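Fold and contact review
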Amino acid sequence: MSSKLLRQIPKTDVILSREALKAAQERYPYAFVKATVQACLDELRRKALEDSIDSIPGLAEIEETVLRWLEEGHIHHLKRVINATGVVLHTNLGRAPLGEAAAAHVAALSRGYCNLEYDLEKGRRGSRYDHVEKLLCELTGAEAAMVVNNNAGAVFLMLNTLARGKKVAVSRGELVEIGGSFRVPEIMYESGAEMVEIGCTNKTHVRDYERAMDELGAEVLLKVYTSNFVISGFTESVSAGELAQIAHKRGGIVLHDQGSGFLFPPEAMGLHAGSVVWTSLREGADVVSFSGDKLLGSAQCGVILGKKEYVERIKKNQLTRMLRIDKLSLAALEIALQYCRDPKLAREKIPALAMLSKTEEACRETAERLRWLIAERAPDCEVRVVPVKDEAGGGSMAGVLLDGAAVAVQIPGLAPEKAEALLHGMSVPVIARVSRDGLLFSARTLFEEELEEVAEAVRTLYVSAAGRRV
Ligand SMILES: *Cc1c(COP(=O)(O)O)cnc(C)c1O
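Residues numbered from 1 in each chain as written. Predicted model: local features only at pLDDT ≥ 70, side-chain atom pairs only at ≥ 80, totals over all residues. Heavy atoms only, no water.

1. Brief notes about the sheet that holds strand β5 (residues 167–171)
With mixed pairing, the seven strands of this open sheet are ordered in space as β4-β12-β11-β10-β9-β5-β8. Only two strands of the sheet have a single partner each, and these edge strands are β4 (144–148) and β8 (194–198). Direction aside, neighbouring strands of the sheet carry axes that sit 20° apart on average. Relative to strand β12 (residues 302–306), strand β11 (residues 287–291) runs antiparallel, the two being bridged by five bridges. Paired with Val-288 across the strands is Leu-305, a residue of β12. Contacts between helix α7 (residues 130–140) and the sheet are confined to β4 and β12, with β4 contributing the most and set at about 120° to the helix. Of the strands in this sheet, β4, β10 (253–259), β11 and β12 are in contact with helix α13 (residues 308–316), which crosses β4 at around 30°. (Pairing = 2+ DSSP bridges. Helix = DSSP H or I, 4+ residues; strand = E, 2+ residues; numbered from the N terminus. Axes fitted to C-alpha atoms, helices over the stretch in contact; angles between N-to-C directions. Contact = heavy atoms within 4.5 Å.)

In structure tokens, the structure reads:
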């Protein structure tokens, strides 16, 4: 059977010479169009060999697939995947997805020139920091603000500018490691600051900070958000506000690596966890930093907020140039900040916030729709909607579990672990989880328009598992 099908697969040149694909060669490089056609024909070959198709689609249908793949950047190494893990800010999957308006603004700016460093009013060189500074100050009450490449960069620049050659006290309970390559002690060392560890893993007191300044020569107090772990039990830590009182009385300053946070109280989104990035600033911290692609739901960047004199010094640091933000991230950030003026709008328009605030009920409704789409395509699979605990992820809201729902699938003749791995090889890879209920697709992180794609992916597995025909 398969050899007959294989012989029916058209030649690459036949597809390439079709009118629509000749037109496509005007827009895309020839090599890319050719590679996409080959990838499309390879997939047909694979399906024919697996016996998972009955016939080879016609030339028009193949052409349509190729055009879609071209549009989607299908054969690229860096490509879209479907996140069915229920982890909203999945660090391995690119953290926050951008919303419509942000993506459109990025696309529009990327195609031409923009006033990145041009002051249109004065007709001369401007600063890339101007575009969002006012908005950030308005939203947070900060005196000054700037944005750099990412939060690790922001923390490094705060320390390098304001604490180089000085002793910086930090609690032993806050010496965090994030994603293996950001470790507070090492960042501190590289920045030229001298770390003074104080307190214990579970408890650090006001008197520890006082002693660090009075007896150990610390001039800067650093607070670090413990983003990816929780210490519970017999614990104590000192708030940024208290640190400010201790430091300011002694002529020192407080730096706060907030890691992540919302720009408005999480209650405005129906959440009862997660911090607000400006709290410690209002309590008296001198400079605060956090990620743009965590709970702000925007592009990768690191926001620095604080007293004008300090932020201005950071802007002037030579190293800031090395970690400067690019125009595309800046474009996305401006849109997110505009939405954040109205929490209701932010929750609606910023996908990460919409996902985080998605209620259990809404997750269940999405899961029901997916269950139906799968059941329709893969009749003898066991498909159920099950309750799950989702996570914010991305080193934010550590220890907080979000009640959600997932579709659990058992495909006859295919172990869930095997199925999970096979999903990575799909035309749009699907990243799922495995539990004792089977293969799990969490509803929280799925976009409505992806439900059909997930169902199709399951159908492909189902069909090939039993050598069934479509
Ligand atoms: C996430 C995080 C960082 C690193 O931020 P990136 O934007 O990933 O560079 C630094 N510190 C804390 C506390 C974090 O949570």
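So much for the structure itself; the text now carries on.
2. Quick notes on the side chain of Lys-203
Locating Lys-203 in the fold gives a position in the loop between β8 and α10 (206–214). Since its relative accessible area comes to 17%, Lys-203 is described here as buried. (Buried < 20%, exposed > 50% of the residue type's maximum accessible area, 1.4 Å probe, protein only.)

3. Some words on helix α20 (residues 451–465)
Here α20 spans 21 Å end to end across 15 residues, near enough to the 21 Å set by a 1.5 Å rise per residue. Against β1 (82–83), α18 (360–377), β14 (401–410), α19 (416–423), β15 (430–431) and β17 (438–442) lie the buried residues of α20. (Expected span 1.5 Å × (residues − 1).)

4. A short note on the sheet that holds strand β16 (residues 433–435)
With respect to topology, four strands assemble into an open sheet ordered β13-β14-β17-β16, the strand pairing being antiparallel. On the outer flanks of this sheet lie β13 (382–391) and β16, each paired with one strand and no other. Neighbour-to-neighbour, the strand axes of this sheet turn through a mean angle of 40°, independent of strand direction. In the sheet, β16 pairs with β17 via three bridges, with the strands oriented antiparallel. Residue pairing across strands places Ser-435 opposite Gly-438, the latter belonging to β17.

5. Some thoughts on the pattern of salt bridges
All told, the structure shown has 35 salt bridges when counted by the stated rule. For Glu-186, the salt bridge identified is with Arg-183, shortest N-O distance 3.2 Å. Since its relative accessible area comes to 35%, Arg-183 is described here as partly exposed. Among the ionic pairs, Arg-433 bridges to Asp-390, the shortest N-O distance being 3.6 Å. Taken together, the residues Arg-433 in strand β16 and Asp-390 in strand β13 connect sequence positions 43 residues apart. (Salt bridge = Lys/Arg side-chain N within 4 Å of Asp/Glu carboxyl O.)

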